[in-house]
Structures are given as structure tokens and as C-alpha cells.
Amino acid sequence: MIVNTCGFIDAAVEESLDAIGEALAQNGKVVVTGCLGAKEGVVARVHPSVLAITGPHDTEGVMQAVHQHLPKPHDPYIDLVPPQGIKLTPRHYAYLKISEGCNHRCTFCIIPSMRGDLVSRPIAQVVQEAENLVKAGVKELLVISQDTSAYGVDVKYRTGFVNGRPVRTKMTDLCKALGELGVWVRLHYVYPYPHVDEVIPLMAEGRILPYLDVPFQHASPRILRLMKRPASAEKVLERIRAWRTLCPDITIRSTFIAGFPGETEAEFAELLSFLEEAQLDRVGCFAYSPVEGAAANALPDPVPEELKEERRARFMALQAKISAAKLQRKVGRTLKVLIDEAGVGRSSADAPDIDGVVRFKGGKSGEFADVLWCVSKAERAVNLPTC
């Protein structure tokens with residue numbers, strides 16, 4: 001068995017180690033890969049009997065370990081991997097990774113130390129993969145990376161060629177190219193650079209989904225500076241208003257951290273005030289977790305665990321009211337949904353696994369349907385914290 005792990009926050013490390021233990025109990029022959037594998041000694045100390053440990057995106061290392069313990073038979077049918085590759089998602093949606101690594105040094109994050117600086121995939125390669133996925137039946141492309149809006153920065157927005165046309169290696173140009181494929185295109189992990197404003201007209205025109213996943217993290221200027229994040233909540237609010245003016249149906253998802261080291265009650269109140277003003281559609285909140293190796297751990301005045309959790313709960317209670325009111329305003333509208341399974345689908349406002357679902361009668365997986373919104377349930381209004 002192959003176990004792909006996460007090593008970002010302590011809870012993810014524990015979950016990954018538990019999954020390895022379960023796999024060993026079931027099978028006894030386990031290869032570990034992913035971010036936790038890059039943390040020297042962590043897996044081996046807890047599970048010394050695993051066959052091999054590799055880091056993130058080490059496909060070759062994983063396959064070498066597998067073939068070392070299970071020789072690969074020659075099978076022309078198995079060896080013929082389809083052009084779209086092999087994916088683990090349902091047939092009708094797929095994740096499209098456009099880059100690896102990150103140039104930012106947010107003090108709460110250790111991703112750059114595990115995955116390095118930003119490396120953008122060639123735009124022709126990304127679009128070719130997207131085209132292959134669409135030909136294979138994919139109806140929704142979820143664009144992901146550690147920093148989607150930085151796409152192309154490392155290559156100075158180099159011009160590539162897509163089907164013979166010159167196209168810059170830049171998020172806006174990529175969105176235009178993907179918008180020609182006739183499927184849903186959803187943007188995740190968008191750092192709030194100024195040029196993000198350029199994709200909002202594409203959403204208003206229906207070329208990509210009116211959905212933007214932007215992790216704002218906090219609203220207090222001092223806390224944002226300590227985090228090494230953009231430090232102007234007022235400008236963020238101005239931009240949100242501008243986005244909604246250009247594209248009234250836009251769904252804005254974000255994540256925040258409560259109880260960051262040094263956060264005062266007044267600064268937490270600033271965060272709640274921002275949340276009330278911003279009226280975001282989809283929100284997750286984490287109590288600060290002191291990830292091993294994160295610079296923020298050295299900051300003074302850590303917030304007690306009980307207080308961190310209490311602030312997170314207050315934050316989510318406020319967002320529950322905001323989300324419930326926003327969902328209630330959808331009652332009576334007809335929405336287009338992508339059906340995940342009979343009776344369950346998602347609107348343009350709902351990404352798989354992290355957002356809500358729309359329930360109805362009938363339908364077939366992978367098809368679109370127009371659904372009349374009859375009732376909103378408050379328990380679907382709030383998203384669980386996700387990494």
C-alpha cells in the first residue's frame with residue numbers, strides 16, 4: 001500500500017501517522033510518500049517497519065520502492081496509461097496543478113522549506129493536460145498550487161505556445177485559455193496580488209466560475225505584518241466591493257487564523273469586524289498551530305490553547321449567521337448544479353469536499369442540472385477547517 005502524507009500542521013502529521021499505522025495493520029507492506037516523508041526521521045521513529053519513505057512528488061522513488069518489493073510484470077494493457085493520466089477523483093472533475101513551491105515566507109508556514117521556491121509548469125503543458133482531461137469527460141477543472149496567482153513569476157511570464165498561439169505564462173492568460181474549453185474552471189489558493197483583479201471580468205463573462213479562494217488569514221495590520229502577509233484590511237474590503245460590482249454572483253472563500261502569537265482581544269475584535277463587513281460566502285478558521293520549524297513559534301506572547309479555541313468558536317459562530325443569511329437569499333432561485341451522485345450536486349459556489357452541497361431528487365453523476373432552491377439548512381452554511 002502507498003500512503004500519501006501531509007506534514008504541514010501537527011494535526012495533519014498525527015492523521016498521516018495514524019493512516020500509516022492503519023495501512024500496516026491491514027497490509028504490512030507500506031510505502032510512505034508526501035510532505036511528511038521529507039521530515040527526516042519522523043515516520044521512521046513511529047513506524048520503522050515501512051518499506052520505504054519518499055518525499056513529495058517523488059513518483060520515481062515510489063515506483064522504485066514498489067518494484068523493489070513487487071517486481072513489475074510486463075502487461076501491455078496496464079502499461080498503456082491514458083493521455084489524461086490516472087486520477088483519483090471522480091470522472092467528472094479533476095485538479096489541475098499549475099506550479100509547485102512558494103516564494104512567500106509566511107511565518108506560520110513551512111511549505112517553502114519542504115517544497116522549495118515557486119516553479120511554474122510550462123503553460124503549453126498545463127493546457128494540454130486540461131484538454132486531455134476534458135476529452136476524457138471532465139466537466140470541472142479545479143486549478144491549484146501553493147500560490148496560484150504567482151503563476152509565471154519565476155519565468156518572468158515567459159511566452160509559451162498553446163496550439164500554435166503565443167500565450168504568456170500568467171494566471172490571467174491561463175484562465176483565458178482554460179475558459180475556451182467549455183467546462184467549469186475554479187480557482188483555488190489565490191494570493192491577493194493586484195493583478196487578481198484581471199480575472200474578475202472573465203468571471204462576469206462566464207468564461208470561468210465566479211469563485212475565488214483567497215486566504216486572507218487576518219485583518220489586524222500588526223498581526224498581518226507578523227505573519228508576513230499583505231497588511232491592509234481596508235484595501236481588501238475595497239477590492240471585495242469592486243469585485244462584487246463587476247461580478248455580483250461571485251463567491252469568495254477564505255481562511256483565517258485565530259489565536260496567532262501576540263494576538264490581543266482588540267486585534268481579534270478587528271478580525272470579527274472585518275468578517276462582518278466583508279460578508280464572505282465560504283469561510284474556514286484554524287486555531288493557530290505551532291508547526292515545527294515555523295518562524296512564528298519564536299514570537300512572544302503565545303495565546304493559551306483554551307483561548308485560541310474560544311476565539312475560533314466565536315469567529316465561526318459569527319460566520320454561521322452570515323452564511324445562513326446569504327444562503328437564505330438564494331431560496332426561490334434556479335441554480336445550475338454539477339451532479340456528483342444521484343440526488344447530490346454542487347453549484348458554482350461549491351467546491352468539492354470543502355464547501356456545501358445541493359440536494360435534490362434524481363440525476364446522474366457528471367451531468368449538469370437546473371435546480372430550484374427551495375430551502376437552506378444552516379448546518380451547511382459553515383465550512384469545517386481545512387488545510
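Presented here is a report on the structure given in the accompanying data block. (Residues numbered from 1 in each chain as written. Predicted model: local features only at pLDDT ≥ 70, side-chain atom pairs only at ≥ 80, totals over all residues. Heavy atoms only, no water.)

1. Focus on unusual backbone geometry
For residues other than glycine, phi is negative in most cases, and the peptide bonds are mostly trans. The following threshold applies: A run of H or I in DSSP counts as a helix once it spans at least four residues, and a run of E counts as a strand once it spans at least two, with each numbered from the N terminus.
The phi dihedral of tyrosine 157 is positive, around 55°, even though this residue is not glycine. Locating tyrosine 157 in the fold gives a position in the loop between strand E7 (140-144) and strand E8 (159-162). Located in the positive-phi region is aspartate 353, a residue other than glycine, with phi close to 75°. Among the secondary structure elements, aspartate 353 is positioned in the loop between strand E15 (344-346) and strand E16 (358-359).

2. Considering the environment of glutamate 267
In plain terms, the rule: Only protein chains enter the accessibility calculation, which uses a 1.4 Å probe; a residue is then buried when its area is under 20% of its type maximum, exposed when over 50%, and partly exposed in between. Contacts were defined at the residue level, with two residues in contact if any of their heavy atoms lie within 4.5 Å.
Within the secondary structure, glutamate 267 sits in helix H11 (residues 265-278). Look at glutamate 267 and you get buried, because its relative accessible area is 9%. Linking glutamate 267 and arginine 222, residues 45 residues apart in sequence, is a C-alpha distance of 8.4 Å. Residues contacting glutamate 267, with those up to four places away along its chain left out, are His218, Ser220, Arg222, Ile223 and Gly262.

3. Details of the nonpolar core
As a reminder of what qualifies: Here, the term nonpolar core denotes a set of buried Ala, Val, Leu, Ile, Met, Phe, Trp, Tyr and Cys residues that are joined through side-chain atoms within 4.5 Å.
Grouped together as the largest cluster of nonpolar side chains are 56 residues, with contacts concentrated most on Leu187, Leu212 and Phe315. Looking at this core element by element, the count peaks at six residues for H11. Beyond its immediate sequence surroundings of up to four residues, phenylalanine 315 is in contact with Phe256, Phe268, Leu271, Leu272, Leu275, Val283 and Cys285. Listed in part, the 18 residues of the second largest apolar core include Phe8, Cys109, Val291 and Ala294.

4. What to know about the sheet that holds strand E17 (residues 368-372)
Keep this limit in mind: Two strands qualify as a pair provided DSSP detects at least 2 bridges between them.
With respect to topology, four strands assemble into an open sheet ordered E16-E15-E14-E17, the strand pairing being antiparallel. Both outer strands of the open sheet, E16 and E17, are each paired with one neighbouring strand and no more. As paired strands, strand E14 (residues 334-341) and E15 are joined by three bridges and run antiparallel to one another. Note on E15: the bridge partner recorded for leucine 338 is arginine 346.

Geometric descriptors of this kind do not, in isolation, establish any biological role.
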